Number of protein chains: 2
Amino acid sequence: MRKNLLCAALLLAFAPMLQAQQNAEKPKVKSAKEIVDAAPASAWRTLDPANTLYMDLKAGRVIIELAPGFAPEHVANIKALARGGYWDGLSIYRSQDNFVVQFGDPTEDEKQRKPLSTGAKAKLPAEFERSSAGLAFDALPDSDGWAPQVGFSDGFPAGRDPKSGKTWLAHCYGTLGAGRDVAADSSNGTELYVATGQSPRALDRNITVVGRVVQGMELLSVIPRGPEPMGFYKETERRVPIVSIKLASEVPEAERLPLQLLKTDSVAFKEATEARRNRRDEWYKHPAGHIDLCNVPLPVRPVPKN
Amino acid sequence: MRKNLLCAALLLAFAPMLQAQQNAEKPKVKSAKEIVDAAPASAWRTLDPANTLYMDLKAGRVIIELAPGFAPEHVANIKALARGGYWDGLSIYRSQDNFVVQFGDPTEDEKQRKPLSTGAKAKLPAEFERSSAGLAFDALPDSDGWAPQVGFSDGFPAGRDPKSGKTWLAHCYGTLGAGRDVAADSSNGTELYVATGQSPRALDRNITVVGRVVQGMELLSVIPRGPEPMGFYKETERRVPIVSIKLASEVPEAERLPLQLLKTDSVAFKEATEARRNRRDEWYKHPAGHIDLCNVPLPVRPVPKN
């Protein structure tokens, strides 16, 4: 997300002092932010309204990109549920510190739960990973211990195993997944969670990832935590109401917030990632020469006016 | 932290259902939580009140363990500042999503800032890393790209380089560091930050880590985010007041909250970490066989009554 471009760069007490200093000592190499700001129009892709959810809370709008390339059945179900207004009037009923917020209908008795919207299935297959065949994958120069290869696919952070021939979406900050019970195929897309803490990569390949938040994480990340150990609110009045979750394509055009994402196969994205792997500004004394998959910002901007 | 023991285990919509199921299908191997709960008294160490800070906010108390073994000069200064009530009445003036909260005195003009407490130095050396000589280090079985070796030292997550002979504290969720300007030795411990997002490991060896939050992260992590890109509040009324920051040893015993931490060199800690590297419960279909340094929970409990 755009705000993260500068995120690890500066921990100064006095930002204005820094800015003066930076102007005086012009860096010889471009920062990640400068690279992204200078990226040509062709390096950006516009978010498809048909694959975009608007989650409206009283505090504002959370914008989500769905991942039909990885979880086609779940995404189709989520679209049917959104069309039917399934989540409207339901709530975020769980907030666990350094882990997730979760929303949907927490009613224990299945028969008492909100009926599924027209066209939504009660039962879906697990979609933990998919075949790598024919799938573009831009590998990061760095690997990690969670996957043989990591990189980006369809603009999402992903892991890949050349042996199994499978690719899967990784759990990073902002990842949207479909909560399930013990059975692998027990998610239907009604109960969703968003990762709000240290990337819970142990969940990779154990649960169906259906998308990611591209704007508005700061609305979800500050939701008061529920009690330990799992953050489910005990008092129903603590739940955070969901005004509505709608597909962007079903919202009148005048009410949409069209966004662009930097293409993860663009030169600008690769150069910005390299600029973050090795910080060359004056502040950094020891460039890491490394970046973790979930530390790579995925730049977002409003669609330019012209 | 204790609450995190279960954190990645369960993403179910219906916790009570799960509990019934777990009772029915008794796991053959112990979970991390069961291992920690069964740890002998000798596996726990009691937090030293002389190295513990109580940061009292209106919302409650944040408890911090200082790291004099890694940042002796900064810790000595922070103790002098706490004794002098330096932060009392100051504020958290920055909250950047997926990165840090920062507190102290944000006044731009150095001369107008709150005077340092008696015994506190205006100038300190950078304490980014220390010699590994004579320092116990419990290596994780997994490494990462940020450091040649990772593990725990003095109970803190740490990186180590056998070539340079240095060890340093890692930036994980809850890490407390001393904000600085461009010069490496420009921190004096008055401006502090706590990591509230994806572990910003690129900061390792670039800034002085002075401790970590052991309880109360859920009070810091929900602080409303300031504006992009860096989260400094523009309106002073948005700042979150600090009631006081005191050394636990200077608080009357009746008002203390004595805590114990699981020793990172204990058998229980190693077994619990292994149980998290490879989840053996019914829910996990694909145990990761790996854990990142910053995904390892550091269990905390109140000192037992007996």
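Since the structure is predicted, the reported quantities are computational estimates derived from the model, not experimental observations. (Residues numbered from 1 in each chain as written. Chains lettered and ligands numbered in written order. Predicted model: local features only at pLDDT ≥ 70, side-chain atom pairs only at ≥ 80, totals over all residues. Heavy atoms only, no water.)

J.: When you look at the overall build of chain A in this model, what are you seeing that I'm missing?
T.: The helix and strand inventory of chain A stands at five helices and 16 strands. The globule rule puts the C-alpha radius of gyration for 306 residues at 19 Å, and the 20 Å found for chain A is close to it. The principal-axis extents of the C-alpha atoms in chain A amount to approximately 65 × 45 × 45 Å. Sorting the 306 residues of chain A into buried and exposed places 59% on the buried side. Taking contacts inside chain A between residues at least 6 apart in sequence as the whole, the part at least 24 apart equals 72%. Counting every atom, chain A has about 12100 Å² of accessible surface; 51% of that belongs to carbon and sulfur. Taking the 40 positively charged and 37 negatively charged side chains of chain A as two groups, their mean positions are separated by 3 Å. (Helix = DSSP H or I, 4+ residues; strand = E, 2+ residues; numbered from the N terminus. Rg over C-alpha atoms; globule rule 2.2 N^0.38 Å. Buried < 20%, exposed > 50% of the residue type's maximum accessible area, 1.4 Å probe, protein only. Contact = heavy atoms within 4.5 Å. Areas by Shrake-Rupley, 256 points an atom, 1.4 Å probe, with all protein chains shown as cover. Lys, Arg positive; Asp, Glu negative; His and termini not counted. Charge placed at Lys NZ, Arg CZ, Asp CG, Glu CD.)

J.: Looking at this model, I keep getting lost on the sheet that holds strand S11 (residues 175–178) of chain B. Mind explaining?
T.: Whenever strands of a sheet pair, they do so through backbone hydrogen bonds, lying parallel or antiparallel. All names here are of chain B. Pairing is antiparallel around the closed barrel formed by eight strands, whose spatial order is S2-S3-S13-S11-S12-S5-S4-S14. Across the sheet, the mean angle separating the axes of adjacent strands is 35 degrees when strand polarity is ignored. On top of the sheet, helix H3 (residues 72–83) reaches strand S2 (52–57), strand S3 (60–66), S11, strand S12 (192–195), strand S13 (208–215) and strand S14 (240–247); it is set at about 110 degrees to S14, its chief contact. (Pairing = 2+ DSSP bridges. Axes fitted to C-alpha atoms, helices over the stretch in contact; angles between N-to-C directions.)

J.: It is not clear to me how the packing of aromatic side chains should be interpreted in this structure. Could you clarify?
T.: The geometry of two aromatic rings is summed up by the distance between their centres and the angle between their planes. Residue and element names in this part refer to chain A. This model, assessed by the stated rule, comprises eight aromatic pairs over all chains. With 5.1 Å between their ring centres and 85 degrees between their planes, Phe152 and Phe269 make a pair best called edge-to-face. Highlighted residues: Phe152 in strand S8 (residues 149–153) and Phe269 in helix H5 (residues 267–277), separated in sequence by 117 residues. Across from the ring centre of Tyr86, 5.8 Å away, lies the NZ or CZ of Lys114, which sits over that ring. Directly above the ring of Phe70 sits Arg130, whose terminal nitrogen or CZ lies 5.7 Å from the centroid. (Phe/Tyr/Trp six-rings, centres within 6.5 Å; stacked < 30°, edge-to-face > 60°. Lys NZ or Arg CZ within 6 Å of the ring centre and 35° of its normal.)

J.: What is the right way to read the state of the cysteines from this model?
T.: Here a disulfide denotes one covalent bond, and it connects the sulfur atoms of two cysteines. Residue and element names in this part refer to chain A. Applying the stated criterion across every chain yields a total of two disulfides over all chains. Between the sulfur atoms of Cys172 and its disulfide mate Cys294 the distance is 2.0 Å. Between Cys172 and Cys294, the S-S torsion sits near -75 degrees, and that sign places the bridge as left-handed. Of this pair, Cys172 sits in the loop between strand S10 (166–169) and strand S11 (175–178) while Cys294 sits in the loop between H5 and strand S16 (300–302), placing them 122 residues apart in sequence. Residue classification places Cys294 among the buried positions, given a relative accessible area of 11%. (Disulfide = S-S within 2.5 Å.)

J.: Got a minute to help me understand the pairing of strand S5 (residues 100–104) of chain B in this structure?
T.: Consecutive side chains along a regular strand alternate between the two faces of the sheet. Residues and elements named next belong to chain B. Counting buried positions along S5 yields five of five residues, so the element is predominantly enclosed. Side chains Val100, Gln102 and Gly104 project from S5 onto one buried face, and the interleaved Val101 and Phe103 project onto a second face that is buried too. Linking two consecutive strands that pair antiparallel, namely strand S4 (residues 91–96) and S5, is a turn of three residues; a positive phi of about 60 degrees is found at Asn98 within it. Inspection of the sheet shows S5 paired to S12 by four bridges, in the antiparallel sense. What sits directly across from Val101, in S12, is Val194.

J.: Would you explain unusual backbone geometry in this entry?
T.: Only a minority of non-glycine residues have a phi that is not negative, and only a minority of peptide bonds are not trans. All names here are of chain A. Backbone torsion omega between Glu228 and Pro229 reads 0 degrees, so that peptide bond is classified as cis. Its identity as a non-glycine residue notwithstanding, Arg205 has a phi of 70 degrees, on the positive side. Among the structural elements, Arg205 can be located in the loop between strand S12 (192–195) and strand S13 (208–215).

J.: Help me out: how do you make sense of the sheet that holds strand S15 (residues 259–262) of chain B in this one?
T.: Residue and element names in this part refer to chain B. Strand order in this open sheet of three strands is S1-S15-S16, and the pairing throughout is antiparallel. Looking at the sheet topology across the chains shown, the edges are occupied by strand S1 (44–46) and strand S16 (300–302). With direction set aside, neighbouring strand axes in the sheet form an average angle of 35 degrees. Pairing analysis gives three bridges linking S15 to S16, with the strands arranged antiparallel. Residue Gln260 lies in a different strand from S16, and its bridge partner there is Arg301.

J.: I would appreciate a short explanation of the UniProt feature "domain: PPIase cyclophilin-type" (unreviewed entry) in chain A in the present structure.
T.: Mapped onto this numbering, the UniProt entry gives "domain: PPIase cyclophilin-type" (unreviewed entry) at residues 59–247 of chain A. Secondary structure content for residues 59–247 of chain A is 8% helix and 32% strand, while the C-alpha to C-alpha distance between its ends is 19 Å. (UniProt positions renumbered as here; feature names shortened; annotations may be inferred.)

J.: Any chance you could explain the pattern of salt bridges here in plain terms?
T.: Side-chain pairs of opposite charge can arise where the charged atoms are in close proximity. All told, the structure shown has 26 salt bridges over all chains when counted by the stated rule. Among the salt bridges present, the one from A:Arg212 reaches A:Glu65, with a minimum N-O distance of 3.6 Å. Here A:Glu65 lies in strand S3 (residues 60–66) and A:Arg212 lies in strand S13, a separation of 147 residues in the sequence. Pair check on accessibility: A:Arg212 and A:Glu65 agree, each one buried. With a shortest N-O distance of 2.7 Å, B:Asp142 and B:Arg277 are connected by a salt bridge. Here B:Asp142, found in the loop between strand S7 (138–139) and strand S8 (149–153), pairs with B:Arg277, found in helix H5 (residues 267–277); they are 135 residues apart in sequence, far enough to count as distant. Look at B:Asp142 and you get buried, because its relative accessible area is 10%. Among the charged side chains, a network of salt bridges with common partners joins A:Arg45, A:Glu65 and A:Arg212. (Salt bridge = Lys/Arg side-chain N within 4 Å of Asp/Glu carboxyl O.)

J.: How should I be thinking about the confidence of the model for chain A in this particular structure?
T.: One rule of thumb: low pLDDT means the predicted coordinates there are not for detailed reading. For chain A, mean pLDDT is 92; residues scoring 70 or higher make up 91% of the total. For residues 1–23 of chain A, every residue scores under 50 in pLDDT, and the model assigns this stretch 82 contacts once sequence neighbours within four places are set aside. (pLDDT = per-residue confidence, 0-100.)

J.: For this particular structure, what's the right way to read the side chain of A:Ser221?
T.: If you trace the backbone, A:Ser221 turns up in the loop between helix H4 (217–220) and strand S14 (240–247). Looking at A:Ser221, its side chain comes within polar contact range of the side chain of B:Asp97, at 2.6 Å. Not counting the four nearest positions on each side in its chain, A:Ser221 is found in contact with A:Tyr173, A:Thr196, B:Asp97, B:Ser221, B:Val222 and B:Arg225. (Polar contact = N/O pair within 3.5 Å; in protein donor to acceptor, adjacent residues only side chain to side chain.)

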